[in-house]
Every structure is written in structure tokens, then in C-alpha cells.
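Letter by letter, the chains look like this.
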Amino acid sequence: MDSGVVGIAADATRLPCERFARPAHGFVRSRRYIAYERYPHASVAAPRRRCRGPRGAGGLCRLRRGSGRRRRSAGGSVGGPPARDDGLHQPWAHETIRESTVSGGPGTDGIPSVDDPQFAPAGEGSLGDGDIVFGYAGTEDVKAYPQHVLVWHEVANDVLDGTPVAVTYCPLTGTAMGFRRGDTTFGVSGRLVNNNLVLYDRATDSRWPQVLATAVDGPREGDQLDEFRLVWTTWGRWRDAHPDTLVLTEDTGYAKRYGSDPYGNYNPTSGYYGGGGPLFATLDDGWTETRADAKRVVIGVRTADRALAFDKSALRERGMLASGDRSIVAVHDPALDTGWTYRTAGADVTPTDAAGRVRVDGAVHPAADLPLEPVYGFDAMWHAMGGFYPGVEYVG
């Protein structure tokens, strides 16, 4: 595991992972030790300014009002977020997950969620074209959530297409995932498992590791979240594809150093994001035998009975990757530099010479709109998929 130092304060001390020192800035990265800054939850409030900008429309991902089921208590009241109707592959016993959960430093809500997000039209922002954003394009709303804002909050409770949602981001696993939250909100528990953010819902205080999307502790244990796709891309690509987009502003109500990232940089890539090992031990280390590059980006897919990881660099080069049994394919969308994943259901799916175009049973379609059943996919660091899913099928 890499033991390099990124932006560490000179007087920072290393403490066991259950108790972390908080230096003036930066963090230490070494085996099972970390010290880094997070501003306290009770940060100085900033003035609010509501956006009156236009709303756009798009078709990359659509939220369904009222989708999913909700767990009800014996008295019949709704408790917590809606759960998905179908199951996701879960290779670990919940007790194992709980025992492997460690402190990330700050306590519950020490990393404050954005609960009243403010947005501005694309033309009012100051983002660089290469800055990372997490995009959503639906039937009513088109929005971009900048990585440099969410790295300080990890959760934004918002409403998209009339549906209450949580936009979540874990910097240690490079995962941006959306969940329907119902009539509650999500927050940051301050705990990590397999280096991944553990969310909690404020209705039941159940604990939900982001990538597993499953409650492993609390009243909702065993339930799985109803998720929706976010597109990991750059601001320039997103704005060009969706000029009517709104963008999350730094008007979060908290005084944060949004111009800096405690872990490194994505534009250009450096620090923790640029290589080396994960900060904490992973649940399983068999992934190192497949590929040792822990930070290599993959498109993660989970079905009811397995998990797959499509190598994003290989996907860019080839235009399409297929699972060993060809039942699931990933196709590259060069406009957004993302991968879309589908079930083939026996269809003949092949790449074409035209970038971003795929042939399905002889007819050519854009990568983002194949006549196949979509499968939820998300960008992730390889160590995250490998650690959570022993035996994951690596496709590259």
C-alpha cells in the first residue's frame, strides 16, 4: 500500500483509525492510518441565493415518481427511503460488513450534507472545461454536481423530476451514485467500509454503504436502495451536451475551501486520485491478482447474482466490451466519455467504425440509446469493486 504524503501539515500525528488527528490541512496516507482536515458541521453559514434559471430536458436517465417500495413499521408508518423491488448481489454477511467498518475521522454529520442545494445556469459558473461533474438529465431537470463541491459534503439531498433524491459521492472509491430518498434525507455517518462512504438515513438511522446500496445495520437492515444513474464526466463535455443545464453552486451554507481538494486533484489528476493504494484495508484483496492498479477506473455493474468491472480505458479504445457470456455489454459514449451498460438478451451487439455508434441485430444506434434493457453502471476505482465483490468479472 502506498505510504506517500499529500499536503500533510508538519505537526500532524498518526493515530489508529478509530481516533484521527485533524491537522491544519491535508492528510497522511499509510497502512490503516490517516489524518486529515474536515471542517466542523457547525460551519459559518453563507448567504442564500436561489437560482431562477431555466430548466432543461434530456433523456439520459429518467426518475419515475413513486418508484420502489417502502418499508413500513408495524404501525403502518413509512420508515426511511424507498427500497428497490429487485435484489442486488451481496457476497458478504452483514455482520462481516459491520465488523469491518471503521471511523473515517469526523463523526456523524461531521462532513455535512447539502440539504438546500442552490443552482445557477451554465453561463454563470466558473468551472473549467476539464473539471469533473456528476450529471443528471431527466424529463424535467438537467443538473450538474461539481466534484470540487461534493468532495466537502459527499451528499446532496435534492429533488429531480419531482422525486426526492440523494446525490452521493465517495472520494476514496471514486463513486458517484444517486438514490431515491422518499420523505427522509441522507447524511454522512462518519464511517467507512472497504474505503467506501457509509450513509445513514435520518428517519431510521440505518447504515447504508454506498456501493452495496444495502442497509447493513439498523431497522432497515437487508433492504436495498432504489438507485439512479449519474454520469461522471467533465464540465466541458456536459455543458456541450446540455447547454441548458443548471450547476450546483458553492452556496451551500458552509464555509469550505472549495478551490482545494484534501485528497488531490482531477484536473490534472494528482494526489490520492493519481495512483497508489487505498487508504484503508479492503474487504478482500484478491483483486490485486487480477490487476494491481488500485485506482484504475472501471464501470461497475451488479446484478442479482454477480458483479462485473469494465475497464474504462479499454472501453475507450475498443468502443465496446462484453462479459464472458456476452449477456452484458458496455458501450462507450465519446461525447460524455462514459460507458452505458445493457443486457443483450441474445441480441447480436457489435461495435461499428463510427465512434459512439453500435450495431444491434444489424441496425445502428447511438451508444446512449440502444434498444436493449439498461443495467445500472457507475464509475469506480478498481479496488472498490474488487474489495466489495470477490470473484468480480474484470473485463478489459
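Residues numbered from 1 in each chain as written. Predicted model: local features only at pLDDT ≥ 70, side-chain atom pairs only at ≥ 80, totals over all residues. Heavy atoms only, no water.

**Here's the deal with the overall build of the chain**
Right, so step 1: Along its length, the chain carries six helices and 31 strands.
Right, so step 2: Within the chain, the proportion of its 396 residues that are buried is 57%.
Right, so step 3: The long-range fraction of contacts in the chain, counting pairs at least 24 apart against all pairs at least 6 apart in sequence, stands at 65%.
Right, so step 4: As displayed, the chain offers around 15600 Å² of accessible surface, 47% of which is attributable to carbon and sulfur atoms. (Helix = DSSP H or I, 4+ residues; strand = E, 2+ residues; numbered from the N terminus. Buried < 20%, exposed > 50% of the residue type's maximum accessible area, 1.4 Å probe, protein only. Contact = heavy atoms within 4.5 Å. Areas by Shrake-Rupley, 256 points an atom, 1.4 Å probe, with all protein chains shown as cover.)

**Notes on the environment of Pro390**
Right, so step 1: Considering the arrangement of structural elements, one finds Pro390 in the loop between helix H6 (382–388) and strand E31 (393–395).
Right, so step 2: The exposure class of Pro390 is partly exposed, given its relative accessible area of 35%.
Right, so step 3: Remark: the alpha-carbon pair of Pro390 and Trp92, spanning 298 residues in sequence, is separated by 9.4 Å.
Right, so step 4: With near-sequence residues (within four places) excluded, Pro390 lies in contact with Pro91, Trp92 and Asp284.

**Section: the layout of surface pockets**
Right, so step 1: Roughly 490 Å³ of internal volume is contained in the second largest pocket.
Right, so step 2: Lining the second largest pocket are 21 residues, and of these Trp232, Tyr266, Val297, Lys312 and Arg316 sit closest to its centre.
Right, so step 3: At the level of elements, strand E17 (231–234), helix H5 (312–318) and strand E30 (377–381) are the ones that each hand at least two residues to the lining of the second largest pocket.
Right, so step 4: Each residue belonging to the lining of the second largest pocket can be placed in one class, and the counts come to eight nonpolar, five polar and eight charged. (1 Å grid on protein atoms, 1.4 Å probe; cavity = no way out; pocket = protein on both sides within 12 Å on 5 of 7 lines; lining within 4 Å. Points joined across faces, edges and corners; volume = space filled by probe spheres on them. Nonpolar A, V, L, I, M, F, W, Y, C, P; charged D, E, K, R; others polar.)

**Section: the sheet that holds strand E12 (residues 175–180)**
Right, so step 1: What the four strands build is an open sheet, ordered E10-E11-E12-E16; its pairing is antiparallel. Each edge of the open sheet is held by one strand with a lone partner, namely strand E10 (155–160) and strand E16 (227–228). (Pairing = 2+ DSSP bridges.)

**Some thoughts on the packing of aromatic side chains**
Right, so step 1: Tallying each qualifying case throughout the model produces 13 aromatic pairs.
Right, so step 2: When the ring of Phe119 is compared with that of Tyr145, the centres are 5.7 Å apart and the planes differ by 90°; the resulting orientation is edge-to-face. Taken together, the residues Phe119 in strand E7 (residues 119–121) and Tyr145 in strand E9 (residues 142–146) connect sequence positions 26 residues apart.
Right, so step 3: Accessibility expressed as a relative area gives 7% for Phe119, which makes it buried.
Right, so step 4: When the centroid spacing of 6.4 Å and the interplanar angle of 80° are considered together, the rings of Phe186 and Trp208 count as edge-to-face. With Phe186 in strand E13 (residues 186–193) and Trp208 in strand E15 (residues 207–209), the pair connects residues that are 22 residues apart, well separated along the chain. Grouping residues by exposure puts Phe186 and Trp208 together as buried.
Right, so step 5: Seen from the ring of Phe119, Lys143 lies directly overhead, with NZ or CZ sitting 4.1 Å from the centre.
Right, so step 6: It is Lys295 that lies over the ring of Tyr272; its NZ or CZ is 3.6 Å from the centre. (Phe/Tyr/Trp six-rings, centres within 6.5 Å; stacked < 30°, edge-to-face > 60°. Lys NZ or Arg CZ within 6 Å of the ring centre and 35° of its normal.)

**Let's talk about empty space enclosed by the protein**
Right, so step 1: Applying the stated criterion across every chain, the model contains two cavities of 30 Å³ or more.
Right, so step 2: Within this model, the second largest cavity holds a volume of roughly 40 Å³.
Right, so step 3: In terms of lining, the second largest cavity is formed by Ala176, Arg229, Leu230, Val231, Trp232, Phe378 and Asp379.
Right, so step 4: Considered class by class, the residues forming the lining of the second largest cavity number five nonpolar, no polar and two charged.

**Regarding the nonpolar core**
Right, so step 1: If you look at the biggest cluster of nonpolar residues, it comprises 70 residues, and the most contacted ones within it are Phe134 and Met385.
Right, so step 2: Counting 24 residues, the second-largest nonpolar core is a separate cluster that includes Val133, Val142, Val231 and Tyr342. (Core = buried A, V, L, I, M, F, W, Y, C linked by side-chain atoms within 4.5 Å.)

**Some remarks on the sheet that holds E7**
Right, so step 1: Strand order across the open sheet formed by five strands is E7-E18-E9-E8-E17, with mixed pairing between neighbours. Strand pairing shows two members of the sheet lacking a second neighbour, E7 and E17, which therefore form its edges. Recorded for the sheet is a direction-independent mean angle of 35° between the axes of neighbouring strands.
Right, so step 2: With three bridges joining them, E7 and strand E18 (residues 246–248) adopt antiparallel strand pairing. Of the residues in E18, the one forming a bridge with Pro121 is Leu246. (Axes fitted to C-alpha atoms, helices over the stretch in contact; angles between N-to-C directions.)

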